[in-house]
Amino acid sequence: MSGLRITNFLNFSTKQKKKITLFFSFLNQRKYPFFFFLIGFFFVIYALVVNQVKSYSKLKEKNFNSFLKSDEFTNIKEFIFDNIKSPYKEYNYTVENNDTLEKILKKYNIDNADINNLISEIVKKKLTNISPGAPIQIVTKEEKGTNKIISLFYPIDAINSVEAKKNKDTFDVSKIILKLKKKEIVLSNTIKNNLYNSAIKAGVEPNIIVEFANIFGFEVDFQRDIRADDTFEIYYEQYVDDENIVRNTGKIIYASMFVNNKELSLYNFKHDNKQGYYDVDGKSVIKTLMKTPINGARLSSSFGMRKHPILGYNKLHQGTDFAAPKGTPIMASGSGVILRAQKYKGYGNYVSIKHNSTYVTAYGHMSKYGRGIKKGVRVNQGRIIGYVGSTGMSTGPHLHYEVLKNGKRINSQRMKLPSGKILSNEARNKFEVERIKIDVKLARLRENK
Ligand SMILES: [Zn+2]
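Overview of the structure.

**Some remarks on helix 9 (residues 206-216)**
Considered for burial, the residues of helix 9 that qualify are Ile208, Ile209, Phe212, Ala213, Ile215 and Phe216. All buried residues of helix 9 project into a common sector of 160° when viewed along the axis, lining one side. Against helix 8 (195-202), strand 7 (230-240), strand 8 (246-259), strand 9 (262-271) and strand 10 (274-278) lie the buried residues of helix 9.

Pasting the structure below:
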């Protein structure tokens, strides 16, 4: 029994062959005791496997169930004893841009009829949506040179997954929903360098931070107002699974910042069927225009005289520049109608929005436009109108942002905007009740921390 012959017989890589050859030559030095040991060893493994297989069939675990009941199960012993030539393979694939399930399956030499059967079942159930980065698990079985699909598993969003299993010649496709529980949480921290890092350290999910920044975007200039040791507090909803793992986040119920030596607390309140954020006096934070129509950007050049970075001479900079990585989304700073969405002079890719008879805003140097953004389209405040780039006369990726008041460019960072509406009468009374409820819950959650 030469090790070499065995390794030739099996389909090993050279590296594996080397290892196995070494192993067997080691055994050959003291043949017989090891022979008996080997036989004994395999017998124990065999007993364990049979035992394991039996207990599996008793267990009838949800995931294994249909697999065990199928014909495939009878082959499993063979599979374990002869696992080197196993016809079963499990693949873990990560979805890339422009992937479709069909495209992915075709990468694994899978039988076309199988692919078509499976895809048509999935299409019927409208479960085809996969997103880049999602993990896909494929189990195949080799039969006469091609691979048959045994099972397929993939998530379609944070809480839903799809499971497909072979059932004779067709597939059983089902959606698996994670049972989620709503949980309320309060997190706070001191702001050391910037809000984002401090919030991440406190355990706040990134999408909640973005929303938090949006809520305060009208009140706080995250660029200039934040001083070391300012603080924030967020009270919001999380959705957790059975193992208490956060699968999704809900709304922000309350958000507070201590900044510029004053505290600003905002409460979520539904008025006229619209959720909004109001301060303790029932005043809405929503203003007509945002100061900063972009998240996570650094103000790199303000309105005023400056030496132009390309032209080289002093020139009035009639807008505000925000440096941000290429591709960072740019929002409509207020609701309005798109006046222009095309290349414009040194601005490169350019969008302008008319908000009312007084105000127009403009955005330059975009790498590309937001979906559906073209002349005449009505947009809401916060809609993504484009992405940061460096088109036109620009030295690097940034947003050039302009506010025009009655046709004249003004400093967007100093503009005084009409403040938000104040709740009155019945709405105000309702808000007071809601606010007190939130304060009580907040106090309790803070204690439990
Ligand atoms: Zn500029």
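Moving on, there is more to tell.
**Re the packing of helix 8 against helix 9**
Across the interface, helix 8 lies against helix 9 with an axial gap of 10 Å and an inter-helix angle of 135°. Put simply, helix 8 runs oblique to helix 9. The hand of the helix 8/helix 9 crossing is right-handed. Together, Leu195, Tyr196, Ala199 and Ile200 of helix 8 and Pro206, Ile209 and Phe212 of helix 9 make up the contact between the two elements.

**Focus: the sheet that holds strand 15 (residues 329-331)**
Strand order in the open sheet made by the 3 strands is 15-21-19, with antiparallel pairing throughout. At either end of the open sheet lies a strand with only one pairing partner, and these are strand 15 and strand 19 (368-369). Relative to strand 21 (residues 384-387), strand 19 runs antiparallel, the two sharing 2 bridges. Pairing of Lys368 across the sheet is with Tyr387, part of strand 21.

**Here's the deal with the coordination of the zinc ion**
Around the zinc ion, the protein contributes the donor atoms His317 (NE2), Asp321 (OD) and His400 (ND1), at 1.9 to 2.2 Å from the metal centre. Here the donor residues of the zinc ion share one chain and are spaced in sequence as H-x3-D-x78-H. One end of the pair, His317, is in strand 13 (residues 314-317); the other, His400, is in strand 22 (residues 398-405), and 83 residues separate them in sequence. Here the two residues His317 and His400 agree in accessibility, since each one is buried.

**Comments concerning the nonpolar core**
Ranked by internal contacts, the top residues of the largest apolar core, which has 25 residues, are Val204, Phe212, Phe216, Phe232, Ile252 and Met257. Elements represented by at least two residues in this core include exactly strand 6 (181-191), helix 8, helix 9, strand 7, strand 8 and strand 9. Here the element with the most residues in this core is helix 9; it accounts for 5 residues. With near-sequence residues (within four places) excluded, Phe232 lies in contact with Leu187, Ser188, Asn189, Ile191, Leu195, Ser198, Ala199, Ala202, Val204, Phe212, Ser256 and Met257.

The rules we used
Residues numbered from 1 in each chain as written. Predicted model: local features only at pLDDT ≥ 70, side-chain atom pairs only at ≥ 80, totals over all residues. Heavy atoms only, no water. Buried < 20%, exposed > 50% of the residue type's maximum accessible area, 1.4 Å probe, protein only. Helix = DSSP H or I, 4+ residues; strand = E, 2+ residues; numbered from the N terminus. Arc of directions from axis to C-beta. Contact = heavy atoms within 4.5 Å. Axes fitted to C-alpha atoms, helices over the stretch in contact; angles between N-to-C directions. Parallel < 35°, antiparallel > 145°, perpendicular 65-115°, else oblique. Left-handed = near helix turned anticlockwise from the far one by under 90°. Pairing = 2+ DSSP bridges. Donors = N, O, S within 2.8 Å, 3.2 Å for Na, K, Ca; no water. Core = buried A, V, L, I, M, F, W, Y, C linked by side-chain atoms within 4.5 Å.

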